[in-house]
Amino acid sequence: MTLSRRSLLLGSAAALFALVESAEARSKRRRSGGRKASRGKASRAAAASAPQTPPPPNGTALPIPELITVAADGETTIAAGFADHAFIKDKPARVAGYNGRHLGPALRLVRGQSATIRIENKLDRPTNVHWHGLSVDAKLDGAMQPPLAPGASATYKITADQSSATLWYHAHVHGSVGRDVHDGLAGFLIVEDPDEIGLGLPSTWGVDDIPLLIQDKDFDAAGAPVYAPDADAIEHGFRGRTVLVNGVREAVARVPQRPVRFRLLNASSARTYRLYCEDERGFDLIATDGGYLPGPVEITMLVLAPGERAEILIDFSLGSTNLMSTPDVHEHRMGATAMSLPDVIDKPFRVCGFDPFSDNRPGTKRPDRLVVLPPADPKTAVRRRRFELKSLAATAMPYAAGDHAAMDHTTMDHAAMGHAGHGQTTAQPTSRTTSGASDGAPRPALGINGKAFAMGRIDEEVGLGTTEIWEIVSAEMAHPFHVHGVQFRVLGEDGGPPKTWNSGLKDTVLVENSAELLITFPHRADRSAPFVYHCHVLEHEDAGMMGTFTVS
Ligand code: C2O
Ligand code: CU
Ligand code: CU
């Protein structure tokens, strides 16, 4: 972190924290005061008799990604490739995505049905696909297999075996994840459990069940996104000045005047969104990363960190509103000194505008109960492990994507991992501007328990089917911690109970200071293709804040 940035503390930072805090307090009050007080008939009637009809916000119609249900025994192909996409009108830019477009289609798997997904690499660089949140053996996880060389393809035969959930897929080539996801190599992956279809939730894709993939970018004068994090952006994570939903700026969604479900996915590198409705109305949280909560919980603010998903219901029979976020003012701690760091965006901003219309269909009644979540019982844990997320001295970094030494190392490791002769083994991409600091300054290294990620090294060995408590500690700043191959429960965070949005099934959790996770490991991972855990700030992951584990 440079001194100039350090001293550039925003005067409004305190005010923003106050706004966040008051929203948190409000949502707590509402929770404890019960639903009736905050959402009784009286307030509904008042809203109905005096409907707010603000003019629809200006912007770009929200595009809805195509939903592809991968039918039982069917095969679906997604081809990673380049796409021309105009983020700014009349200024098309060359970015990446799947099947010829920026970003990817939404893939829907049905629980219990075997589906084949074929991946083709039409890029000029190695790629792979990781199924983030999918509960499968590590050999199907996609992250630690050798990337596909340009022109190569691979197939994954997957049988989803988990509750209905909004998951996602994205490229996961170590050292280039930030660049690739920023470029558009990401999409929704939806698991549908046939037993959970009758819950009475809005579920017409693109109409009252709307996916919102949120990212932030910077653009050059030609309208092309710029991703070239300097040492500072590696240390703190890249944050762009423009927020996009499903690939467009100033997104506005047409919504029916009834409860609408939104599937939120934070596919940003580092930006954490603190989402609220512009009129501060309550909305219902119905699902976290790994699936539904026991029942809807009314909140007024939702924190969504990189990698996380949430499903919410916003009731547009109460009039229109906009989905807003506060800036991502974050805190940095070094020894005894904690300071808040400004965001490149300095005031609350609109994430998605809404333009409600009447379709004369009655709103679905808000269900009281959704699913049964077994209690998170710490007594089931057979052991504890502790993970401290912290920056390292640059010299301690054994691996740097983009270095020739690292390429040899990677190739060698793949051979050691038994992938030699696979025919698709490729070295890491070498693009300097995207895999390391672009300013010539020493690149920061980050690690877990004092070690940066090393391909081929196994950091932890876990027993198949066992349950453990993982204690995660963020030393310097909040990190979204993600574990592959599992859905865990948060036992506690920062010495208190989990926040509402961390109370369900999770695979990624924003660790402000510390968190205790209860994790059961139902899937196998061997030494040749282990699972990984890492910070989902993609610059941190690429700079080494990642470790490996086997499950056997
Ligand atoms: Cu979203 Cu290791 O991944
Ligand atoms: Cu993942
Ligand atoms: Cu991090």
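Predicted model only: the values in this text are computed from it and were never measured. (Residues numbered from 1 in each chain as written. Chains lettered and ligands numbered in written order. Predicted model: local features only at pLDDT ≥ 70, side-chain atom pairs only at ≥ 80, totals over all residues. Heavy atoms only, no water.)

1. Let's talk about unusual backbone geometry
Part 1: A positive phi angle, close to 50°, is found at asparagine 246, a residue other than glycine.
Part 2: In this model, asparagine 449 sits at a positive phi of 50°, which is unusual for a non-glycine residue.
Part 3: Turning to its location among the elements, asparagine 449 is positioned in the loop between β26 (445-448) and β27 (460-462). (Helix = DSSP H or I, 4+ residues; strand = E, 2+ residues; numbered from the N terminus.)

2. With respect to the coordination of the copper ion (ligand 2)
Part 1: Distances from the copper ion (ligand 2) to its protein donors, namely His130 (NE2) and His482 (NE2), fall within the range 1.9 Å. Here the residue histidine 130 occupies a position in strand β7 (residues 130-132), and histidine 482 occupies one in strand β29 (residues 479-483), the gap between them amounting to 352 residues.
Part 2: You can call histidine 130 buried: its relative accessible area is 1%.
Part 3: For histidine 482, a relative accessible area of 0% translates into the label buried. (Donors = N, O, S within 2.8 Å, 3.2 Å for Na, K, Ca; no water. Buried < 20%, exposed > 50% of the residue type's maximum accessible area, 1.4 Å probe, protein only.)

3. Regarding the nonpolar core
Part 1: Membership of the largest hydrophobic core comes to 40 residues, with the highest contact counts inside it found for Leu212, Phe262, Leu264, Leu302 and Phe354.
Part 2: Beyond its immediate stretch of four places on either side in the chain, phenylalanine 354 contacts Pro57, Val252, Ala253, Val255, Phe262, Ile314, Phe316, Ser320, Thr321, Asn322 and Leu323.
Part 3: Grouped together as the second largest cluster of nonpolar side chains are 30 residues, Val483, Val511, Phe531 and Met545 included. (Core = buried A, V, L, I, M, F, W, Y, C linked by side-chain atoms within 4.5 Å. Contact = heavy atoms within 4.5 Å.)

4. Topic: the coordination of the copper ion (ligand 3)
Part 1: Coordination of the copper ion (ligand 3) by the protein comes from His479 (ND1), Cys535 (SG) and His540 (ND1), over a distance range of 2.0 to 2.1 Å.
Part 2: Counting the intervening residues between successive donors of the copper ion (ligand 3) yields the motif H-x55-C-x4-H.

5. Considering the confidence of the model for the protein
Part 1: Mean pLDDT for the protein: 85, with 82% of residues reaching 70 or above.
Part 2: Per-residue pLDDT stays below 50 along residues 26-50; that stretch engages in 30 contacts with residues further than four places along the chain or on separate chains.
Part 3: Below pLDDT 50 for its whole length, residues 395-437 participates in 87 contacts with residues either more than four positions away or in separate chains. (pLDDT = per-residue confidence, 0-100.)

6. Focus: the environment of threonine 380
Part 1: Along the polypeptide, threonine 380 turns up in the loop between β24 (349-357) and β25 (383-392).
Part 2: According to the relative accessible area criterion, threonine 380 is partly exposed, its value standing at 42%.
Part 3: Sequence separation between threonine 380 and glutamate 468 is 88 residues; the distance between their C-alpha atoms is 7.7 Å.
Part 4: Apart from residues lying up to four places away in sequence, threonine 380 is in contact with Thr467 and Leu518.
Part 5: In terms of polar contacts, threonine 380 uses its side chain to reach the backbone carbonyl oxygen of aspartate 377, at 2.6 Å. (Polar contact = N/O pair within 3.5 Å; in protein donor to acceptor, adjacent residues only side chain to side chain.)

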